[in-house]
Amino acid sequence: GNMVEWCLPQDIDLEGVEFKSMASGSHKIQSDFIYFRKGLCFGLACFANMPVESELERGARMKSVGILSPSYTLLYRYMHFLENQVRHQLEMPGHYSHLEAFYDDKKGVLPDSKGTPNSQQPVHWLPSIHRYMYPEMKITHPAGCMSQFIKFFGEQILVLWKFALLRKRILIFSPPPVGVVCYRVYCCCCLANVSLPGLGGTVPESKPFFYVNVADIEMLETEVSYVACTTEKIFEEKRDLYDVYVDNQNVKTHHEHLQPLLKINNADKEKYRRLNDQRQMLMYSQEVGEDCSSCEEDLFILFFMEQNNRIFQTLMEVSASQDKTLTADHARGMGLDPQGDRSFLMDLLEVYGIDVMLVIDNPCCT
């Protein structure tokens, strides 16, 4: 099995990290990178696989070199270093001086063993209203992970958006390599950003768990909301662990009351068209040199944040009104389909504890 060969600091609890930092099935691929969660910390590990003429190692030497941090947003900065180091460890096992120097240079305040960060605020993944504007706060992909996400899922991202906003447990399955799938987890979380003050203090935090495996089952059993990915097909059978299962582009749920959310309605198609129009305009403005400052990631995050803000602003205004009645016109104003999004709206009101009355009943009158 996997084992932790070396670490700093030596007294840190790394139980299970040997399975998180090397995805199940990785022996079939040459290299990969993996984001994962360990307690209150996030990790990034780079994996590499090298053929060797050794019976003891069964013809292949496989290693991962990783780091843990209280936040995942800056981990990508060290991807190049980790890729170089895992190569170095394959070719010269046991030489840790570069890793020691890196640790001495970067070490900071990590959460203590009780799980409470010292001199730090608790870790939250949800950006505040201006945080997405700072490039160093972003998890980036050389080829643009948002662009890949949109191309991969197409209109299905509107289905994922609804489940993310409802704080459902979303599990994404894919065979290795898992790196790009970890970016899909991140993109899923970005779909649910809301920047309105005072909204949903009692709403569960939707957490990116990134890569999970069978060793995480016990932990996942206690989670009410998360987004994660796995390379282990066995998870599909463990229905009590997730609400939504994504197998490549196929989004499904075993909960009957969530089935209507799988259907793409006219309002979803309109949103997808608007998103693509905005992307085309951004690409055009970059081509003619007008705007090099904005990027597709900002556009993507802002698009969904504005959409979410519009929904919750309307719901809060209606709940503060005298008759608290939410009409078909309100639904259209929020960019929703009065009929197609009825069950989504009902779930939304329940999850966020918003007190309004839905009067979208008769299909012939909408």
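Keep in mind it's a predicted model, so treat the numbers as computed, not measured.

Caption draft 1: Region of the structure containing the environment of Met146. Here Met146 lies in helix H4 (residues 145-153). On the basis of relative accessibility, which here comes to 2%, the residue Met146 falls in the buried class. The spacing of Met146 and Tyr183 is 37 residues in sequence and 8.3 Å in space, taken between C-alpha atoms.

Caption draft 2: Region of interest: helix H6 (residues 179-190). Over its 12 residues, H6 runs 17 Å from end to end, which matches the ideal 16 Å to within 8%, given 1.5 Å per residue. Judged by how many residues are buried, H6 sits mostly within the fold: 11 of 12 residues are covered. Along H6, the residues classified as buried are Gly179, Val181, Cys182, Tyr183, Arg184, Val185, Tyr186, Cys187, Cys188, Cys189 and Cys190.

Caption draft 3: Main features of the pattern of salt bridges. Following the criterion strictly, the structure yields 14 salt bridges and no others. Between Lys162 and Asp268 there is a salt bridge, and its shortest N-O distance comes to 2.9 Å. Pair noted here: Lys162 is in helix H5 (residues 156-165) and Asp268 is in helix H8 (residues 266-287), with a separation of 106 residues, a long-range link. Taking the relative accessible area as the measure of exposure, Lys162 reaches 1% and is therefore buried.

Caption draft 4: A look at helix H2 (residues 79-91). Here H2 spans 19 Å end to end across 13 residues, near enough to the 18 Å set by a 1.5 Å rise per residue. Of the residues making up H2, those classed as buried are Met79, Leu82, Gln85, Val86, His88, Gln89 and Leu90. Summarising the contacts, the buried residues of H2 are in contact with strand S1 (31-38), strand S2 (41-51), strand S3 (60-69), helix H3 (97-106) and H6.

Caption draft 5: Representation of the packing of aromatic side chains in the model. For the structure on display, the rule yields 21 aromatic pairs. Consider the rings of Phe209 and Tyr226, whose centres lie 6.0 Å apart with planes at 80 degrees: the pair is edge-to-face. Of this pair, Phe209 sits in strand S5 (residues 207-211) while Tyr226 is found in strand S6 (residues 226-230), placing the two residues 17 residues apart along the sequence. You can call Tyr226 buried: its relative accessible area is 0%. Aromatic pair Phe300 and Phe304: ring centres 5.2 Å apart, planes at 55 degrees, arrangement tilted. In this pair, Phe300 and Phe304 both sit in helix H9 (residues 296-320), 4 residues apart, roughly one turn of the helix. Here a set of aromatic residues connected by ring pairs shows up, and it is made of Phe149, Phe152, Phe153, Trp161, Phe300, Phe303, Phe304 and Phe344. Lying over the aromatic face of Phe344, Lys162 brings its terminal NZ or CZ to 5.8 Å of the ring centre.

Parameters and conventions
- Residues numbered from 1 in each chain as written.
- Predicted model: local features only at pLDDT ≥ 70, side-chain atom pairs only at ≥ 80, totals over all residues.
- Heavy atoms only, no water.
- Helix = DSSP H or I, 4+ residues; strand = E, 2+ residues; numbered from the N terminus.
- Buried < 20%, exposed > 50% of the residue type's maximum accessible area, 1.4 Å probe, protein only.
- Expected span 1.5 Å × (residues − 1).
- Salt bridge = Lys/Arg side-chain N within 4 Å of Asp/Glu carboxyl O.
- Contact = heavy atoms within 4.5 Å.
- Phe/Tyr/Trp six-rings, centres within 6.5 Å; stacked < 30°, edge-to-face > 60°.
- Lys NZ or Arg CZ within 6 Å of the ring centre and 35° of its normal.

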